[in-house]
Amino acid sequence: MLQNRRRVSGMCWVVAGLPILASFIQAAIALGGASGDGLPVIGGLKRLFQSVTVFDAAGTVFRASSTVVLVLFLLVTLAWLAQGAGLFVLRHRVFTLGATGFVTLFLVLFELVYLPILSAGVPAGQVAGFLLVPIIASGASWAAALVYPWDITLDEETGETLSDARTDAQEALQKFDDRVEIIASETTRQSLQSFAPEAVERFEHGVASFRDDCQSVIDRADELTDSSMTSRERNEVASQIRADAAGLAPDDRADRLQKELEQGVTDQVRGTFGDLHYVSRYDTAYEIRNLRAYHEVDLPTIGGPAIQLGGTRHELDDRLVEAINDEGLNSVTTAIERVESHLAEMETMLEEHESAVATALDEADSALMVTQDHLDTLDGAARDRLTEFLLEGRTPDATLEVPNKPTVTGHAADAKAALHEGRFDAARRAAEQARTEAQSVQAIAEFFAESVVATMDYGSGSIPIPEAVGVDLAAQLRVPFERTYDVEYAVAGTTLDIASDGETTEGNRDRTPRGSDLVTNGADPDDVLYVLRELQSAAAASSTNDTVELQTETLPEKFVDEGILTEIQTFAERQSDVVSVTVPEDPPPGFLSVKVTDGVSPKRVMDALQNQYSNDR
C-alpha cells in the first residue's frame, strides 16, 4: 500500500514536471540567445509544436517576455526539483510542502505570460487546452505532495520533536536547580525556615512549581509517544510540547523567586531587628546601650566593623539588608543565626537578673500583704497607730526610725530603675534592701498582732521585745494598746509587760476602747495626736520662722472637729514656747495656726507638743 502511494506520488511529480521542463528549456534557450532549431531532438520538437497554431502563438509570446519572467521560470524548475528531493531523498514533509507552494507560482506565471494568445486569433479549443496545462501541472504537484505516505516521516519528526522537548525540559530544570543553589541553598533555606517561614514557604512553592512544569513537559512527551492519535495529531501536539519546553525560561523564574525571597527576608529583618528592645515584666524597656557585653555584635560572614545594637546607634537591620543586596542570602543567613544567638544570650542574661530582682521584690510585696493581714486583726487606735508607723511611714518623733512600706517602695523603685539601666549589682542590692525592710515590717506587725495579742488574751505576761521591734517603738504604742484593749502596758528594759485591769479571758474579754475616760473637750486623745503629727509635718515643710499653719481641708473629715481643735488650742497655749493658737470658725476651709516665740524653731516646738501630749495621755 505504501509502495503504491509512493509510485502514484512519483507519477504525479513527473506529470507536473513535463510542462515545467518544457518552459525551462524554452527559457534557457531564450536567455542563451539561440533559436534551438539546430539542436538535436529539441529542434524537431520545436518544429512539431510550431505546426500547431496555439503553440506557435505561445512561442511568439514567450520570446517577447522580459528577462525577469524567464528567470522566474528557471526558479520554478528548481522548486520542482527541490520538491522531488523532499519527496524521494529527504522525505521531509515541511520542506516538500514549501517547495510545492513555490511550484504553484508556475501557474501564475504561465497564465500571466500567455494571456496575449487570447487575442492572437487562435481557436478557442486550443487556447482552453493550452491554459489548462499549468492548472494540471500545479494539481499534479500538490497531488504528489499529499499522496506521498507522510505518516512514517511525521512519526520520525514527532519523535525528534519530543526528544528535543525532553532535552530542553531537562536542561531547563538543571539550569534552574543550579541557580536555586546559588540563590539559597538547601542549608540556607532550612536555616531561614524559623526566621522567615512565610518567605521560605513561598520560595519553596515557586521552586516546586517550576520543577512540576519541567516534569510535566517530560511526562506529556512520554504519554504522546504511546498515544492512539493520528500521526498528524501527534505531530501537532509534539510541536506544542516543544514550544512549552522552550518557554520554561529558568533564568527568569529563578530571578523572580530570588527577588521575592530576598524581599521577604528583608521585611522580616526590618520587623524583627528594626526596633530592638526588650521589655521587662514591669513594662519598662532595658537600656541596651548600657550592656557592654551585648551592645554590639561581630558578623564575620558579612564583613565590616562590629554592628551596634540599641539606642540611637542601632544599625542591625540596615547592615543586614545591605548585606542581602550585596552578598546574597547564603552569607546573610549565617549572620542572622549569629545575631539570634547573641540576642538569645542577652535575653537569658536579662531574664536571670530580672528573676533575681523580681523574686526579692515579690517576697517584699508578700511580706507587706502579710503585714496588712496582721494589722487587720488589731482594733481601734492600736491598729491605726501601727498602720501609720508601718504602712504610712509616719512617726511622732523624727528620731524614731521604724521600718515602713514607703521605704520598701523606694528601694523597689531604685531596684527597678537600676535593673533597666543595666546596673544589675545595684538592682540586686536595692531589691534585697526592699525585701529586708519588708520582712522587718512584717516582723513588727507579727509581734504585736500575735505575741502581744496572745498575751492579752491570756490575761497577763512578759514578752521579750525582738530586736526588729525595738524598745522605743514598743514604748510609743503604750497608749494605743492600753486604750484599745484595757490593759496595763509597760516596757521594762527589753521586756514588754502586759497586765489586765480585771478578770478577762480569751472568750469573754471586751475589747471596747476605754478612750472615753481620757476625752478632753470631747476629743479622743488619739485624734488629737494625729492632728499634732500633721502640725509636725507642716512645721518641717514650712519656710516661716514663727508660725505653723495646717490647712484643715487636707485633714480626714473625722479630724476636722471642734472638740479636737479646741483641745489642741487649750493644750498648746499652756506651753511656754507657744504665743497663740488660732482655730478657724466652722472649718473647713480655714487654717489651724500656731505662733511660737521669736527665735524658737517651730519644728522643735511642734515636736515638743506632740511628745508632751503623748506622754501626758
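Residues numbered from 1 in each chain as written. Predicted model: local features only at pLDDT ≥ 70, side-chain atom pairs only at ≥ 80, totals over all residues. Heavy atoms only, no water.

Caption draft 1: Geometry of the overall build of the protein. Along the backbone of the protein there are 22 helices and 8 strands. Buried positions account for 42% of the 617 residues belonging to the protein. Relative to all contacts within the protein whose residues are 6 or more apart in sequence, the contacts with residues 24 or more apart total 72%. A total accessible area of about 30800 Å² is found for the protein, and carbon and sulfur atoms account for 52% of it. (Helix = DSSP H or I, 4+ residues; strand = E, 2+ residues; numbered from the N terminus. Buried < 20%, exposed > 50% of the residue type's maximum accessible area, 1.4 Å probe, protein only. Contact = heavy atoms within 4.5 Å. Areas by Shrake-Rupley, 256 points an atom, 1.4 Å probe, with all protein chains shown as cover.)

Caption draft 2: A look at the side chain of Ser 280. Relative to the assigned elements, Ser 280 resides in the loop between helix 12 (250-273) and strand 1 (296-297). Residue Ser 280 is classed as buried on the basis of its relative accessible area, which comes to 6%. Of note is the side chain of Ser 280, whose polar atom sits 2.6 Å from the side chain of His 420. Excluding anything up to four places from it in sequence, Ser 280 contacts Tyr 286, Glu 354 and His 420. (Polar contact = N/O pair within 3.5 Å; in protein donor to acceptor, adjacent residues only side chain to side chain.)

Caption draft 3: Just the sheet that holds strand 5 (residues 495-500), in detail. Taken in spatial order, the 3 strands line up as 3-5-4 in an open sheet, and their pairing is antiparallel. This sheet does not close on itself; its edge strands, each paired only once, are strand 3 (460-464) and strand 4 (487-492). Geometrically, the sheet is characterised by an average inter-axis angle of 15° between neighbouring strands, direction not taken into account. Examined bridge by bridge, strand 3 and strand 5 share 5 bridges and lie antiparallel to one another. Its bridge partner lying in strand 5, Ser 462 is registered against Asp 497. In this fold helix 17 (residues 424-458) packs onto strand 3, strand 4 and strand 5, with an angle of close to 155° to the strand it touches most, strand 3. (Pairing = 2+ DSSP bridges. Axes fitted to C-alpha atoms, helices over the stretch in contact; angles between N-to-C directions.)

Caption draft 4: Geometry of the confidence of the model for the protein. Of all residues in the protein, 86% have pLDDT values of 70 or greater, and the mean over the chain is 83. Of all secondary-structure elements in the protein, the lowest mean pLDDT belongs to helix 2 (residues 42-50), at 49, while helix 16 (residues 405-420) reaches the highest, 95. Note that residues 503-519 has pLDDT below 50 and, in this model, 30 contacts with residues that lie over four places away or in other chains. (pLDDT = per-residue confidence, 0-100.)

Caption draft 5: Spatial organisation of the environment of Ala 382. For Ala 382, the position within the fold is in helix 15 (residues 380-391). What makes Ala 382 buried here is its relative accessible area of 0%. Considering only alpha carbons, one finds Ala 382 and Phe 481, 99 residues apart in sequence, at a separation of 5.3 Å. Discounting chain neighbours no more than four positions away, the residues touching Ala 382 are Pro 480, Phe 481, Thr 484 and Tyr 485.

Caption draft 6: A look at helix 17. If you check helix 17, its first and last C-alpha atoms are 49 Å apart, about what 35 residues at 1.5 Å a residue would give, namely 51 Å. Taken from the residues just after helix 17, Gly 459 is the one with a positive phi, measuring 130°. (Expected span 1.5 Å × (residues − 1).)

Caption draft 7: Region of interest: the pairing of strand 4. Pairing analysis gives 6 bridges linking strand 4 to strand 5, with the strands arranged antiparallel. Looking at the pairing, Glu 488 lines up with Ala 499 of strand 5. Connecting the antiparallel pair strand 4 and strand 5 is a turn made up of 2 residues, with Gly 493 showing a positive phi of about 65°.

Caption draft 8: Spatial organisation of unusual backbone geometry. For the bond from Pro 587 to Pro 588, the omega torsion is -15°, close enough to zero to count as cis. As for its placement among the helices and strands, Pro 588 is situated in the loop between strand 7 (578-582) and strand 8 (591-596). With an omega of -5°, the peptide bond between Pro 588 and Pro 589 qualifies as cis. Tracing the chain through its elements places Pro 589 in the loop between strand 7 and strand 8. The phi dihedral of Ala 249 falls on the positive side, at around 50°, and the residue is not glycine. The phi dihedral of Asp 586 is positive, around 50°, even though this residue is not glycine. Of note, Asp 586 is situated in the loop between strand 7 and strand 8.

Caption draft 9: A look at the pattern of salt bridges. The full count for this structure, using the stated rule, is 29 salt bridges. Arg 383 is the partner of Asp 384 in a salt bridge, and the nearest nitrogen-oxygen pair spans 3.8 Å. By relative accessible area, Asp 384 is classed as partly exposed at 36%. Residue classification places Arg 383 among the partly exposed positions, given a relative accessible area of 30%. Linked through salt bridges whose partners overlap, the residues forming this network are Arg 385, Glu 388, Arg 483, Asp 526 and Arg 533. (Salt bridge = Lys/Arg side-chain N within 4 Å of Asp/Glu carboxyl O.)

Caption draft 10: How the structure looks around the nonpolar core. If you look at the biggest cluster of nonpolar residues, it comprises 103 residues, and the most contacted ones within it are Val 265, Leu 320, Phe 448 and Phe 481. When residues in this core are grouped by element, the largest group, 16 residues, is from helix 14 (residues 329-376). For Phe 481, the contacting residues outside a window of four places in its chain are Ala 382, Leu 386, Phe 448, Val 452, Met 456, Asp 486, Val 487 and Tyr 489. Core analysis: the next-biggest nonpolar cluster, separate from the first, contains 29 residues, Ala 523, Leu 529, Ile 564 and Met 606 among them. (Core = buried A, V, L, I, M, F, W, Y, C linked by side-chain atoms within 4.5 Å.)

Caption draft 11: Main features of a nonpolar patch on the surface. Taken together, the side chains of Val 71, Leu 75, Leu 78, Leu 81 and Phe 102 define a hydrophobic patch exposed on the protein surface, amounting to about 400 Å² of accessible area. No other element matches the 4 residues that helix 4 (residues 67-90) contributes to the nonpolar patch. Tracing the sequence through the fold places Leu 78 in helix 4. Accessibility expressed as a relative area gives 51% for Leu 78, which makes it exposed. (Patch = residues over 30% accessible without salt bridge, like charges linked within 9 Å, V, L, I, M, F, W, Y side chains within 5 Å.)

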